[in-house]
Amino acid sequence: MYQNYKNVELVKPSGLELKDRLVGVQRVTKVTKGGRAFGFSAIVVVGDENGVVGHGLGKSKEVADAISKAVEDAKKNLVRIPLNKGTLPHEQKGKYGGARVYIQPASHGTGVIAGGALRAVLEAVGVHDVLSKSQGSSNPHNVVKATFDALLQLRDARTIATERGVSLEKVFKG
């Protein structure tokens, strides 16, 4: 799932205090010769509010079952995101399908300026100060995946320094 990204650290859910946030529940209909069969699909984001986050999709005939399946799915693909004092290390764009997101670090006291599915993901990660914009499609599935695309491209200063083979000071001062 995360093969295209460098430095992705997968995390095991054991020992973490994860909080789940429901992003959306859709009622889906399958038309058969006997009439309509209704079902539900739920998209959920789980995180420990300290840099670990995952998302999942669950489908079932009952809403509660769909949500619990989504939570289980989200716990299977947890990743660690680099944070810097409650905000992001640098600005980043992400896209998935028709959804595009832009996230930018903000100074202390700004709060989470984000809407809908984007806000749910950023709060689950544990970002307290961030500016963001969601453009294009507002489909929650694609917005969540676009946000993950942006978050997984984030790198902290230490990682950049080791990749370039230079000191931490040289990264900042040039």
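Shown above is the structure to which this text applies.
Residues numbered from 1 in each chain as written. Predicted model: local features only at pLDDT ≥ 70, side-chain atom pairs only at ≥ 80, totals over all residues. Heavy atoms only, no water.

**Focus: the overall build of the chain**
Here comes step 1: Counting its regular elements, the chain contains five helices and nine strands.
Here comes step 2: For the chain, the N- to C-terminal ordering of α and β elements is β-β-β-β-α-β-β-β-β-α-β-α-α-α.
Here comes step 3: For the chain, the spread of C-alpha atoms along the three principal axes comes to 70 × 35 × 30 Å.
Here comes step 4: Burial analysis of the chain (174 residues in total) assigns 39% to the buried set.
Here comes step 5: Counting contacts in the chain only where the partners sit at least 6 residues apart, residues at least 24 apart contribute 59% of the total.
Here comes step 6: Total accessible area on the chain stands at roughly 10,000 Å², and carbon and sulfur atoms take up 49% of it.
Here comes step 7: Where the 26 positive side-chain charges of the chain centre and where its 16 negative ones centre are 8 Å apart. (Helix = DSSP H or I, 4+ residues; strand = E, 2+ residues; numbered from the N terminus. Buried < 20%, exposed > 50% of the residue type's maximum accessible area, 1.4 Å probe, protein only. Contact = heavy atoms within 4.5 Å. Areas by Shrake-Rupley, 256 points an atom, 1.4 Å probe, with all protein chains shown as cover. Lys, Arg positive; Asp, Glu negative; His and termini not counted. Charge placed at Lys NZ, Arg CZ, Asp CG, Glu CD.)

**What to know about the side chain of Ser41**
Here comes step 1: Relative to the elements of secondary structure, Ser41 occurs in strand β3 (residues 35-47).
Here comes step 2: Residue contacts for Ser41: discarding those within four places in its chain leaves Gly24, Val25, Gln26, Val28, Leu57, Gly58 and Lys59.

**Let's talk about the packing of helix α2 (residues 116-125) against helix α3 (residues 140-152)**
Here comes step 1: Running from N to C, α2 and α3 cross one another at 40°; their axes reach a closest spacing of 8 Å. Looking at the two axes, α2 sits oblique to α3. Crossing angle aside, the handedness with which α2 passes α3 is right-handed. Contacts from Ala117, Leu118, Val121, Leu122 and Val125 of α2 reach α3 at Pro140, Val143, Val144, Thr147, Phe148 and Leu151.
Here comes step 2: For the contact of α2 with α3, a count of residues per class yields 10 nonpolar, one polar and no charged. (Axes fitted to C-alpha atoms, helices over the stretch in contact; angles between N-to-C directions. Parallel < 35°, antiparallel > 145°, perpendicular 65-115°, else oblique. Left-handed = near helix turned anticlockwise from the far one by under 90°. Nonpolar A, V, L, I, M, F, W, Y, C, P; charged D, E, K, R; others polar.)

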